[in-house]
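The residues making up each chain are set out below.
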Amino acid sequence: MEQTVQKINGIGNYYNVADRIMEENIRNGLGDKAAIHYLDQTLTYHQLEEKINQFGNAIKTLGLEAEHRILLVCNDSPEFISAFLGSIRMGAVPIPVNTMMQPSDYEYFLNNSRARALVIHEEHWEKISHIRDRFLYLKQVIVISENAVIQGDTFDYHMLLSGQSTKLEAVHTTANDEAFWLYSSGSTGEPKGVVHLQHDIECAYQNYAKKVLKITADDITFSVSKLFFAYGLGNGMYFPLSAGASTVLLPDRPLPEKVFEMIEKYKPTIFFGVPTLYGSMIELAEKSERKYDLSSLRVCVSAGEALPSVFIKKWKKLYNVDILDGIGSTEVLHIFLSNNIGDVKPGSSGKVVPGYEAKIVNDLGIEVPDNEVGDLLIKGDSICSKYWNRHEENKRKFYGEWFHTGDKYYKDENGYFWYCGRSDDMMKVGGIWVSPIEIENSLLRHDYILEAAVVAEKNENNLVKPKAFIVLKSGVAPSESLKKEIKQFVKQDLAPYKYPRKIEFIDELPKTATGKIQRFRLKA
Ligand code: 3UK
């Protein structure tokens, strides 16, 4: 693929992120290197490039053009990556979405985005094909299946690609063209289409993957966060591919046992997890007779929600490797505050990732001094251009170059950032800001507690007090005396006013599709 640098009236310089990633690897002689490990197959960079081009040509034959949108409901697989990069390379705009949603959610995604085409794994199509007439703008459905069954007027992915040329005539996209969208799974309200441009991927890669993770072509990545999440998309696709490294894809649910097995089998060097999974992996490791071999890992990452510091310490003891907690968002595309290799401050989100700027402001928008809690604003070139069709929210969330994360943070005198919860989860107890996260972390240090969520609840005097919802470890019986003991435990662990005045034991915490605790549902 040739990067044509030419000036045409009304059109900027040619830039296409799919082209840039693949061209660089081929130019660096990595064509025969493994790009993707998937089940028992390996796809080289050459093979992947051919699939990408074939996909681009295939959708052209179906009448798709540059700027048309394509919804992807795909499991982590080579087909996901070929469809994503193939769409971008021909100028179309892929929109990967969560594969675990309900039919009405896909109706929302398809109609809200006005996607013309849908690329979908067979088992997901089976769940929504009966409501196809509700998809108002959808023209073409491309089904990925094992055995090429063409159902009605759908196309079979593999058959469609097989006859296509492996060379693609690309459209003249520029660095500021739309490249892809993601839907942000906010804890409240309808999902928002987050519009990302061609240069955003490169920026997140250069800032975080290169400078923080120090990724090179020698790395092998494995992410339990799926490719349709912004976190997984970087971890499992554009970080490794931009670096000429290899990625390990797991199409199934990442259960702790399976994840251990995958690490032993594929020997990744970078592992990307989420706090809940680290928790259940640690629990399994502590219970099990078997000692898992994780010696291939040089660094582990956690994001999505704050990582309790006890997990960092236990993981280090078990496997002698650090977990770098970092905060990212769908809007910023990837991680913008992070701990660093050799510089981990357990319980903090670390420091600003090079290439981004952060400031913490009060209600008037004025920067607060160190150690004072405020709203976190971020500036950087990977931030999305806008939410699709959300005029009012765009005005509220994007302040010129600054993006309002909606998170409460304080920065200490050494430049470490400490997460204090979502803006709306913070509570004032006795006039003092209290972070539910801090109380939850304390509860998690208790031997009998598996998961905990803390919300603000008004007492009989209309004063806000913390209330804890607690999931006990298996085999532990709930009782009034245990409640007392837990309250006492927190009182001794934190400033005494922070202890939960009420405790409720429950079987499971309500969570979003991305695993975030839905505190607003517990409040209701
Ligand atoms: C919260 C965290 C504390 C925070 C994401 C890495 O999670 C990602 O994106 P989302 O759009 O959610 C963003 C919000 O999640 N959060 C994320 N990470 C942390 N809170 N500590 C953390 N380490 O409220 C943030 O505003 O789903 C994560 C990379 C890309 C991502 N999109």
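Since the structure is predicted, the reported quantities are computational estimates derived from the model, not experimental observations.

**Topic: the overall build of the chain**
Scanning the chain for helices and strands turns up 15 helices and 27 strands. Scaling as 2.2 N^0.38, a compact globule of 524 residues should have a C-alpha radius of gyration of about 24 Å, and the chain matches this with 24 Å. Sequence-distant contacts in the chain: of pairs separated by 6 or more residues, those separated by 24 or more amount to 64%. As displayed, the chain offers around 22,400 Å² of accessible surface, 48% of which is attributable to carbon and sulfur atoms. Across the chain, the centroid of the 62 positively charged side chains sits 4 Å from that of the 69 negatively charged ones.

**Digging into the sheet that holds strand E3 (residues 69-73)**
With parallel pairing, the 5 strands of this open sheet are ordered in space as E4-E3-E5-E6-E7. Looking along the sheet, the strands with just one partner apiece sit at the ends: strand E4 (93-96) and strand E7 (155-156). When E3 meets strand E5 (residues 117-121), the two strands line up parallel, connected through 4 bridges. Residue pairing in the sheet places Ile70 in a bridge with Ala117 of E5. Its contacts with the sheet place helix H3 (residues 78-89) against E3, E4, E5 and strand E6 (140-144), and it is angled at close to 150° to E4. Each of E3 and E4 touches helix H4 (residues 103-113); the most contacted strand, E3, lies at about 165° to it.

**Let's talk about the pattern of salt bridges**
Counted by the stated rule, this structure contains 27 salt bridges. For Glu504, the salt bridge identified is with Lys467, shortest N-O distance 3.0 Å. Pair noted here: Glu504 is in strand E27 (residues 502-505) and Lys467 is in strand E26 (residues 464-472), with a separation of 37 residues, a long-range link. The partly exposed category is assigned to Glu504, whose relative accessible area is 33%.

**Some remarks on the nonpolar core**
With 90 residues, the main nonpolar core has Ile81, Phe84 and Val119 as its most contacted residues. Looking at this core, the element that brings in the most residues is helix H8 (residues 230-243), giving 8 residues. The residues that make up this core include at least three from each of domain 1 (2-197) and domain 2 (200-422). Filtering out sequence-adjacent residues up to four positions away, Ile81 remains in contact with Ile36, Leu48, Gly86, Leu227, Gly236, Met237, Leu241 and Leu249. With 28 residues, the next largest nonpolar core counts Val248, Leu250, Ala285 and Ile323 among its residues.

**Considering the packing of aromatic side chains**
In the structure shown here, the tally under the stated rule is 24 aromatic pairs. Look at Tyr208 and Phe239: their rings are 5.9 Å apart centre to centre, the planes differ by 45°, and that puts the pair in the tilted class. In this pair, Tyr208 is assigned in helix H7 (residues 198-211) and Phe239 in helix H8, connecting sequence segments 31 residues apart. Taken together through their ring pairs, the aromatic side chains of Phe222, Phe260, Phe271, Tyr278, Tyr292, Trp315 and Tyr319 make up a single cluster.

**Observations regarding the pairing of E4**
Neither face of E4 is open: one carries Val93 and Ile95, the other Pro94 and Pro96, and all of them are buried. Where E3 lies against E4, 4 bridges are found, and the strand directions are parallel. Across the sheet, the residue bridging to Ile70 is Pro94, located in E4. Read as a crossover between parallel neighbours, the route from E3 over H3 to E4 is right-handed.

**Remarks on the side chain of Glu440**
Summarising the element assignment, Glu440 is placed in helix H13 (residues 436-444). What makes Glu440 buried here is its relative accessible area of 6%. Once residues lying within four places of it in the same chain are set aside, the contact partners of Glu440 are Ala452, Ala453, Val454, Ile517 and Arg519.

**Description of H8**
Along its 14 residues, H8 runs 18 Å from first to last C-alpha, staying within 8% of the 20 Å computed at 1.5 Å per residue. The axis of H8 is deflected most strongly, by about 30°, at Met237, and proline Pro240 appears within four residues downstream. Counting buried positions along H8 yields 14 of 14 residues, so the element is predominantly enclosed.

**Some points on the sheet that holds strand E2 (residues 41-44)**
The sheet built from 9 strands is open, its strands ordered E2-E1-E11-E10-E12-E13-E14-E15-E16 with mixed pairing. The sheet is open, and its two edges are formed by E2 and strand E16 (351-352), each paired on a single side. Looking at chain direction, strand E15 (residues 335-338) and E16 are connected through 2 bridges and run antiparallel. Paired with Leu337 across the strands is Val352, a residue of E16. Packing against the sheet, H3 makes contact with strand E1 (34-38), E2 and strand E11 (246-249), and its axis sits at approximately 135° to E1. Here helix H10 (residues 275-287) sits on the sheet and contacts strand E12 (270-273), strand E13 (299-302) and strand E14 (323-328); the angle it forms with E12, its principal contact strand, is near 105°.

**Concerning unusual backbone geometry**
At Leu39, a position not held by glycine, the phi torsion is positive, near 50°. Turning to its location among the elements, Leu39 is positioned in the loop between E1 and E2. On the basis of relative accessible area, Leu39 is assigned to the partly exposed category, the value being 43%. The backbone of Asn320 shows a phi angle near 55°, a positive value even though the residue is not glycine. For Asn320, the location among the structural elements is in the loop between helix H11 (309-319) and E14.

**Quick word on the domain arrangement of the chain**
Domain assignment breaks the chain into domain 1 (2-197), domain 2 (200-422) and domain 3 (427-523). Each of domain 1 and domain 2 has a C-alpha centre, and the two are 25 Å apart. Taken together, the contacts link 49 residues of domain 1 with 42 residues of domain 2. Contact with domain 2 buries surface across domain 1, with His37, Asp76 and Lys192 losing the most and accounting together for 18% of the total.

**A short note on the site of the ligand**
Every one of the 20 residues lining the ligand counts as a neighbour, but Asp325, Gly326, Thr330, Asp407 and Lys516 are closest to it. Separating an oxygen atom of the ligand from a side-chain N or O atom of Thr330 is a distance of 2.5 Å. Of all the elements in the fold, those that place two or more residues in the shell around the ligand are H8, E14, strand E21 (402-411) and strand E22 (417-422). With 4 residues, E14 is the largest single contributor of residues to the shell around the ligand. Taken together, the residues of the shell around the ligand sort by class into 8 nonpolar, 7 polar and 5 charged.

Procedures and definitions
Numbering of residues begins from 1 in every chain and follows the order in which that chain's sequence is written. Selection of residues for local features in this predicted model requires a pLDDT of at least 70, selection of side-chain atom pairs for listing and counting requires 80 or more, and totals for whole chains, interfaces and linings are taken over all residues. Computation of side-chain values: all heavy atoms of the structure, hydrogens and water removed. By the criteria applied, helices consist of DSSP H or I runs no shorter than four residues and strands consist of E runs no shorter than two, each listed in order from the N terminus. For the radius of gyration, the atom set is restricted to C-alpha positions; the globular benchmark scales as 2.2 Å times the number of residues to the power 0.38. By definition in these notes, contact holds between two residues if any of their heavy atoms fall within 4.5 Å. Where accessible areas are quoted, they stem from the Shrake-Rupley method and a 1.4 Å probe; at the residue level, only the protein chains shown are allowed to cover. Neither His nor the chain ends is counted toward charge; the positive residues are Lys and Arg and the negative residues Asp and Glu. In plain terms, the charge of a residue is placed at NZ if it is Lys, CZ if Arg, CG if Asp and CD if Glu. Think of it this way: DSSP has to see at least two bridges between two strands before they count as a pair. Working convention: axes come from line fits to C-alpha atoms, limited for helices to the stretch in contact. Angles between N-to-C directions cover 0 to 180 degrees. For this analysis, a salt bridge means a side-chain nitrogen from Lys or Arg found within 4 Å of a carboxyl oxygen belonging to Asp or Glu. Buried, partly exposed and exposed residues are distinguished by accessible area as a fraction of the type maximum, computed with a 1.4 Å probe on protein chains only: under 20%, between the cut-offs, and over 50%, respectively. As used in this record, nonpolar core signifies buried Ala, Val, Leu, Ile, Met, Phe, Trp, Tyr and Cys residues forming a set joined through side-chain atoms within 4.5 Å. Domain ranges listed in this record stem from an automatic or a database domain assignment. Working definition: rings of Phe, Tyr and Trp (its six-membered ring) pair if their centres are within 6.5 Å, and the pair is stacked with planes under 30 degrees apart, edge-to-face with planes over 60 apart, and tilted otherwise. Handedness rule for crossovers: strands pointing away from the viewer, path from the first strand over the helix to the second running clockwise, crossover right-handed. Under the convention used throughout, the expected extent of a helix is 1.5 Å for every residue step, that is, one less than its residue count. Given a residue, its bend is the angle between the two axes fitted to the seven residues that end at it and to the seven that start from it. Note on terms: buried area is the combined drop in 1.4 Å-probe accessible area of two parts once they are placed together, counting the loss on both. Definition of nearness: a residue and a molecule or strand are near each other if at least one heavy atom of the residue lies within 4 Å of the molecule or strand. Any N or O atom pair separated by 3.5 Å or less is treated as a polar contact, with the protein-specific requirement of one donor-capable and one acceptor-capable atom, and with residues adjacent in sequence counted only for side-chain atom pairs. Gly falls in the polar group here, along with every residue not listed as nonpolar (Ala, Val, Leu, Ile, Met, Phe, Trp, Tyr, Cys, Pro) or charged (Asp, Glu, Lys, Arg).

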